[in-house]
Amino acid sequence: MSPRSSDLGKPPDPKDSIAAHYRERHGSTPVIIVAAPGRVNLIGEHTDYNGGFVLPAAINRHMVIAASPREDTLVCLHSVDFSSDASFSLDAISHDTQAEWSNYERAVAWALQEAGYELRGMNAVLAGNIPIGSGLSSSAAIEVATAYAFRTLNDLPLDLVTLAKLCQWAENEFVGVKCGIMDQFISALGQAQHALLIDCHSLDHRLVPLPAEMSLGICDTKVRRDLVSSAYNERRAQCETGAQLLGVPSLRDAEWSTFEDRQQELPEPVRQRCRHVISENQRVLDAVAALEEGNLPAFGMLMNQSHESLRDDYEVSCRELDIMVEATWEVDGVYGSRMTGAGFGGCTISAVRPDAVGAFQAQVSDKYKSATGLTPSIYVCQAEAGVRLL
Ligand code: GLA
């Protein structure tokens, strides 16, 4: 694989230019630069808010913040990507209907203060190379980077698990998106060359080494749809109904045998939703075992089954995701593929034999283009460390 081909479609790294952007605006060097990664989920989709298992990895796409403290309580932000400014006072944080991008920073400041942490103002410049709305968690990365910047500038005694939970709470309560914990957790706690098995009920987590014989291929359909958050909340509600009907606190607690015995009592589509979540939890555990045994064909098969379950039972795939996944399945050297993230557009993830990456990019790109008329962005990502100071 040539470095050029693996970088296909990759935008410039904001880490290289953020200090210069900060100097341009503020005439001084930033006190800190924080980078928080996006993520790709290998398996375990729509399980996190059901208290289940997920297996994401942090990736080498980041949200970067250059920041310095202020003497007052103002937070003055500039987004390089949106060419836009926004500022707010820590004394009264409200939503911004103009610079909507700044609501993530507002949300995090609000959540930290609600939780009792004392903050002072800051000047911050932000930039990123995680495509927005692509299912690679640009919003979680913004939240985690912002929280880490506040933590560092204010010397807050905040461990990374608590930081991730506060960021999720910020998104749930201030932004109004009822996401689970996966994205914030992996952006905070990821490790290079590893995926992270997270038990989203107990928040116990364990690193799972990624074998060198497997590259991670991301294919961006370039499709973005607005219905994601309404469909997401609808799925959540259906899962809660399913758990109630099965008499368990959450679907995590439902055994497969209980589901089989009692599935006739569940109305459609609740039955399908339950079948996805309960079977997906088991697939995550099986996938970790397969990775640890170095059984990549078995791992790939579980990814494929996950996609089918998301497509047929959870109904969060879409035509373009299915076309992309099917195009990857046809490539010699692909162990397995699935949609990744919330769905309805965004990206797929494939486990690919490293020597097949070139063919993977060429063949999938051609097939997808001729079937949809859209030009995908296809690249290999590396598993990276979670949030850190540069
Ligand atoms: C989004 C949410 C996550 C998770 C996934 C689906 O990325 O933010 O919490 O629910 O969808 O697995």
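Here, every reference points to the structure presented above.
This text gives an overview of the structure that appears in the document. (Residues numbered from 1 in each chain as written. Predicted model: local features only at pLDDT ≥ 70, side-chain atom pairs only at ≥ 80, totals over all residues. Heavy atoms only, no water.)

1. Here we look at the overall build of the chain
In step 1: What the chain contains, in helices and strands, is 12 helices and 13 strands.
In step 2: Over its C-alpha trace the chain gives a radius of gyration of 21 Å, about what one expects of a compact globule, namely 21 Å for 390 residues.
In step 3: If you take every contact in the chain between residues at least 6 apart in sequence, the share linking residues at least 24 apart comes to 71%. (Helix = DSSP H or I, 4+ residues; strand = E, 2+ residues; numbered from the N terminus. Rg over C-alpha atoms; globule rule 2.2 N^0.38 Å. Contact = heavy atoms within 4.5 Å.)

2. Re the sheet that holds strand S4 (residues 74-79)
In step 1: The strand order across the open sheet built from 6 strands is S5-S4-S6-S3-S1-S13, with neighbouring strands paired in mixed fashion. Where the open sheet ends on each side, the last strands, each with one partner, are strand S5 (84-89) and strand S13 (388-389).
In step 2: Where strand S3 (residues 56-69) and strand S6 (residues 122-128) come together, 7 bridges link them in antiparallel fashion. Following the sheet pairing, Ser68 is matched in S6 by Asn123.
In step 3: The strands touched by helix H3 (residues 103-114) are S4, S5 and S6; relative to S5, the strand with the most contacts, the crossing angle is about 20°.
In step 4: Here helix H6 (residues 182-189) sits on the sheet in contact with strand S1 (32-41) and S3, set at roughly 130° to S1. (Pairing = 2+ DSSP bridges. Axes fitted to C-alpha atoms, helices over the stretch in contact; angles between N-to-C directions.)

3. Comments concerning the sheet that holds strand S10 (residues 334-339)
In step 1: Pairing within the open sheet is antiparallel, and its 4 strands lie in the order S10-S11-S9-S12. Taken across any chain shown, the strands that pair with only one partner, and hence form the sheet edges, are S10 and strand S12 (377-381). Taken over all neighbouring pairs, the strand axes of this sheet differ in orientation by 20° on average, direction set aside.
In step 2: In this structure, strand S9 (residues 215-220) lies alongside strand S11 (residues 347-352), joined through 6 bridges in antiparallel fashion. Within S11, the position partnered with Cys219 by the bridge is Thr348.
In step 3: The sheet contacts of helix H10 (residues 296-312) involve S10 and S11, and relative to S10 the element is tilted by about 25°.

4. Structural notes on H3
In step 1: The end-to-end C-alpha separation of H3 is 16 Å, in line with the 16 Å expected for 12 residues at 1.5 Å each.
In step 2: Three or more residues of H3 are buried, namely Asn103, Glu105, Arg106, Ala107, Val108, Ala109, Ala111 and Leu112.
In step 3: On its buried face, H3 is in contact with S4, S5, S6, helix H4 (138-153) and helix H5 (160-175).
In step 4: Gly116, located one to two residues past H3, shows a positive phi value of around 100°. (Expected span 1.5 Å × (residues − 1). Buried < 20%, exposed > 50% of the residue type's maximum accessible area, 1.4 Å probe, protein only.)

5. So, the pattern of salt bridges
Oppositely charged side chains may form a pair once their charged atoms are brought near each other.
In step 1: Considering all chains together, one arrives at 20 salt bridges under this definition.
In step 2: When the shortest N-O distance is used, the salt bridge between Asp85 and Arg25 registers 3.1 Å. Note that Asp85 is positioned in strand S5 and Arg25 in helix H2 (residues 18-26), a separation of 60 residues in sequence.
In step 3: You can call Arg25 partly exposed: its relative accessible area is 41%. (Salt bridge = Lys/Arg side-chain N within 4 Å of Asp/Glu carboxyl O.)

6. Examining the environment of Cys179
In step 1: By the secondary structure assignment, Cys179 is in the loop between H5 and H6.
In step 2: Between the C-alpha atoms of Cys179 and Arg236, which are 57 residues apart in sequence, the distance is 9.3 Å.
In step 3: With residues near it in sequence (within four places) discarded, Cys179 still touches Gln168, Glu171, Asn172, Gln184, Tyr232 and Arg236.

7. Concerning the site of the ligand
In step 1: If you check the shell around the ligand, you find Arg39, Glu45, His46, Asp48, Tyr49, Cys179, Gly180, Met182, Asp183, Tyr232 and Ala342 and nothing else.
In step 2: Between the ligand and Glu45 there is a distance of 2.6 Å, counted from an oxygen atom to a side-chain nitrogen or oxygen.
In step 3: Between the ligand and the protein, one listed contact pairs an oxygen atom with a side-chain N or O atom of Tyr232 at 2.6 Å.
In step 4: If the ligand stood free it would expose 310 Å²; the protein chains cover 92% of that surface. (Near = heavy atom within 4 Å. Polar contact = N/O pair within 3.5 Å; in protein donor to acceptor, adjacent residues only side chain to side chain. Areas by Shrake-Rupley, 256 points an atom, 1.4 Å probe, with all protein chains shown as cover.)

8. Thoughts on unusual backbone geometry
In step 1: Glu268 connects to Pro269 through a cis peptide bond whose omega is 5°.
In step 2: Inspection of the secondary structure assignment puts Pro269 in the loop between helix H8 (256-262) and helix H9 (270-293).
In step 3: For Asp155, which is not glycine, the phi torsion reads 50° and is therefore positive.
In step 4: With respect to the helices, strands and loops of the structure, Asp155 is situated in the loop between H4 and H5.
In step 5: A positive phi angle, near 65°, is found at Phe344, a position not held by glycine.
In step 6: Its location among the elements puts Phe344 in the loop between S10 and S11.

9. Some words on the state of the cysteines
Chemically, a disulfide is nothing more than a covalent bond linking the sulfur atoms of two cysteines.
In step 1: Per the counting criterion, the structure on display carries 0 disulfides.
In step 2: Cys179 takes part in no disulfide bond, and the closest cysteine sulfur, belonging to Cys167, lies 9.8 Å away.
In step 3: Assessed through its relative accessible area of 8%, Cys179 is described here as buried.
In step 4: Free cysteine Cys219: the closest other cysteine sulfur is in Cys347, separated by 8.1 Å.
In step 5: You can call Cys219 buried: its relative accessible area is 0%. (Disulfide = S-S within 2.5 Å.)

10. Re H4
In step 1: Across its 16 residues, H4 extends 22 Å between first and last C-alpha, which sits within 8% of the 22 Å expected from 1.5 Å per residue.
In step 2: Counting buried positions along H4 gives 14 out of 16 residues, so the element sits mostly inside the fold.
In step 3: In the stretch just after H4, Asp155 is the one whose phi turns positive, near 50°.

The values reported here are purely geometric and, on their own, carry no functional implication.
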